[in-house]
Amino acid sequence: MDKERAQQLHAEAMKLDGEGKCQEALDKYAEAIALHPEKSESHYNSGLILKYAGDWERSFAFNRTAHDLAPDDEAARWNLGIAATALRDWRTARRMWSGVGLQLDIELDEPIELNMGLTPVRLNPDEGAEVVWARRIDPVRARIESIPLPESGYCHGDIVLHDGAAVGYRMNGDKKCPVFNVLELFEQSAFSTFSLTVDAASPESVAELLQLLSGEDMQAEDWTENIRTLCKACSEGEPHEEHDHDAEDDGEWKPRRSFGVAALSLEAVRQAAAAWSGGTISEIECTLSAEDEDDEDAE
């Protein structure tokens, strides 16, 4: 009878979770676990809710129990690895990732620093989402290589903790890459974000400015060229030409352009911009400072 009642409570908890009633769902799962503590799914689902709430210690505890009860469950392994990474429990994280095929020393209590290639990640997936390119350094962490829009609250070089399940795809050349939703900022970079408003005479002058603004300690993007706005269906799926949501392009050159620059100082940006001869710069503004911890956290 206890197992039957536990299953009923588990089903009720799933329904509550589907309705967005997370705390009520957790309470129901707790009742189910009290009656049937060996049911790994109740532990796993509790850990899943707490993962998205950013409650890492409790998420870790539930996912560890789920993994102990069902060691072959890949979802429990991944969520335990995510929670362990968030808590900087590198031994547990290494043990989880070695179980999915990575060759790692599971006895080391040190961060993992791999080069797993470029992947798109979705910043602020619940509101004002923006997809940028990042380089994965382990299965759930990536260093941002793009220059995010300042309203995202993220900077070039930030290391983010991302989810393990793909939500959409983007093309990198002829390679289809999964998009991962960012869970939180893991480590802030030293870069600040600067926005430049320029009038460029030609595409060649834009290329010249980009070269001047690029180096070891500075990166730049032509946001006017690079940013695309997609509907939710395309953003979380696979954007394609037949369902193009870009603004109409009449093929004419648009001299007024917006640039994003990631740099360590305003002076470095000004010096590089002063050497440009291909147009005029009407505004240079620091729109997100890496030193401003009060800043709030496009396709």
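One structure accompanies this document, and this report is about it. (Residues numbered from 1 in each chain as written. Predicted model: local features only at pLDDT ≥ 70, side-chain atom pairs only at ≥ 80, totals over all residues. Heavy atoms only, no water.)

## What to know about the overall build of the protein
Then step 1. In terms of helices and strands, the protein carries 10 helices and 9 strands.
Then step 2. When burial is assessed residue by residue, the protein has 42% of its 299 residues classed as buried.
Then step 3. Accessible surface computed for the protein: about 15,700 Å², of which carbon and sulfur atoms make up 47%. (Helix = DSSP H or I, 4+ residues; strand = E, 2+ residues; numbered from the N terminus. Buried < 20%, exposed > 50% of the residue type's maximum accessible area, 1.4 Å probe, protein only. Areas by Shrake-Rupley, 256 points an atom, 1.4 Å probe, with all protein chains shown as cover.)

## What to know about the packing of aromatic side chains
Then step 1. Taken as a whole, this structure holds 2 aromatic pairs when the rule is applied.
Then step 2. Here Trp 78 and Trp 97 contribute two aromatic rings whose centre-to-centre distance is 4.9 Å and whose plane-to-plane angle is 55 degrees, an arrangement assigned as tilted. Here Trp 78 is found in helix H5 (residues 74–86), whereas its partner Trp 97 is found in helix H6 (residues 90–98), with 19 residues between them in sequence.
Then step 3. A residue is classified by how much of its surface remains accessible, and Trp 78, at 23% relative accessible area, is partly exposed.
Then step 4. Each ring, one from Trp 90 and one from Phe 186, has its centre 6.1 Å from the other, and the planes form 65 degrees; the classification is edge-to-face. (Phe/Tyr/Trp six-rings, centres within 6.5 Å; stacked < 30°, edge-to-face > 60°.)

## Considerations on the nonpolar core
A general tendency of soluble globular proteins is for nonpolar side chains to be buried together.
Then step 1. Membership of the largest hydrophobic core comes to 18 residues, with the highest contact counts inside it found for Trp 56, Trp 97 and Leu 161.
Then step 2. Those elements that place two or more of their residues in this core are helix H4 (56–69), H5, H6 and strand S4 (159–172).
Then step 3. Top element by residues in this core is H5. It accounts for 5 residues.
Then step 4. The contact partners of Trp 56, leaving out residues within four places of it in the chain, are Lys 51, Ile 82, Ala 83, Ala 86, Leu 87, Leu 161, Leu 183 and Glu 184.
Then step 5. Grouped together as the second largest cluster of nonpolar side chains are 15 residues, Val 206, Phe 259, Ala 263 and Val 269 included. (Core = buried A, V, L, I, M, F, W, Y, C linked by side-chain atoms within 4.5 Å. Contact = heavy atoms within 4.5 Å.)

## Quick notes on the side chain of His 43
Then step 1. Structurally, His 43 is set in helix H3 (residues 40–53).
Then step 2. The buried category is assigned to His 43, whose relative accessible area is 6%.
Then step 3. When sequence neighbours within four positions are dropped, the list of residues in contact with His 43 reads Ile 33, Pro 37, Phe 62, Thr 65, Ala 66 and Leu 69.

## A word on the environment of Phe 194
Then step 1. Position of Phe 194 among the secondary structure elements: in strand S6 (residues 192–200).
Then step 2. Linking Phe 194 and Ala 262, residues 68 residues apart in sequence, is a C-alpha distance of 6.3 Å.
Then step 3. Among all residues touching Phe 194, those that are not within four sequence positions of it are Phe 259, Gly 260, Val 261, Ala 263, Ser 265, Leu 266, Val 269, Glu 285, Cys 286 and Thr 287.

## Some words on the pairing of S4
Side chains on a regular strand alternate between the two faces of the sheet.
Then step 1. In the sheet, strand S3 (residues 141–144) pairs with S4 via 3 bridges, with the strands oriented antiparallel. Directly across from Ala 142, in S4, lies its bridge partner Val 160.
Then step 2. What sits between the antiparallel neighbours S4 and strand S5 (residues 175–187) is a turn of 2 residues, in which Gly 173 has the positive phi angle 70 degrees. (Pairing = 2+ DSSP bridges.)

## Some points on the sheet that holds strand S7 (residues 218–222)
Then step 1. The strand order S7-S8-S6-S9 describes an open sheet built from 4 strands, whose pairing is antiparallel. Strand pairing shows two members of the sheet lacking a second neighbour, S7 and strand S9 (279–288), which therefore form its edges. Going across the sheet, the axis of each strand differs from the next one's by a mean of 25 degrees, ignoring polarity.
Then step 2. Bridge count for S6 against strand S8 (residues 256–263) is 8 bridges, and the pairing is antiparallel. Note on S8: the bridge partner recorded for Val 198 is Arg 257.
Then step 3. Strand contacts of helix H7 (residues 203–212): S6, S7, S8 and S9, with the helix running at about 155 degrees to S7, the strand carrying the most contacts.
Then step 4. Contacts from helix H10 (residues 266–274) reach S6, S7, S8 and S9, with the element oriented near 170 degrees to S9. (Axes fitted to C-alpha atoms, helices over the stretch in contact; angles between N-to-C directions.)

## A short note on the pairing of strand S2 (residues 130–138)
Then step 1. Burial analysis of S2 places 7 of its 9 residues in the buried class, the great majority of the element.
Then step 2. Where strand S1 (residues 118–123) lies against S2, 6 bridges are found, and the strand directions are antiparallel. Looking at S2, one finds that Leu 118 is bridged to Arg 135.
Then step 3. Linking S1 to S2, which pair antiparallel, is a turn of 6 residues; within it Asn 124 sits at a positive phi near 45 degrees.
Then step 4. Hairpin connection between S2 and S3: a loop of 2 residues separates the two successive antiparallel strands.

## A look at the packing of helix H1 (residues 2–18) against H3
Then step 1. At a closest axis distance of 11 Å, the pairing of H1 and H3 adopts a crossing angle of 20 degrees. Between H1 and H3, the crossing angle belongs to the class labelled roughly parallel. Crossing handedness for the pair H1 and H3: left-handed. Across from His 10, Met 14 and Asp 17 in H1, the residues of H3 making contact are Glu 41, Ser 42, Asn 45 and Ile 49.
Then step 2. Classifying every residue of the contact of H1 with H3 by side-chain character gives 2 nonpolar, 3 polar and 2 charged. (Parallel < 35°, antiparallel > 145°, perpendicular 65-115°, else oblique. Left-handed = near helix turned anticlockwise from the far one by under 90°. Nonpolar A, V, L, I, M, F, W, Y, C, P; charged D, E, K, R; others polar.)

## Remarks on the sheet that holds S4
Then step 1. Ordered in space as S1-S2-S3-S4-S5, the 5 strands form a closed barrel in which the pairing is mixed. Taking the axes of each pair of neighbouring strands and ignoring which way they run, one obtains an average angle of 50 degrees across the sheet.
Then step 2. Across 2 bridges, S1 lies against S5 in parallel orientation. Looking across to S5, one finds that Arg 122 is bridged to Asn 181.

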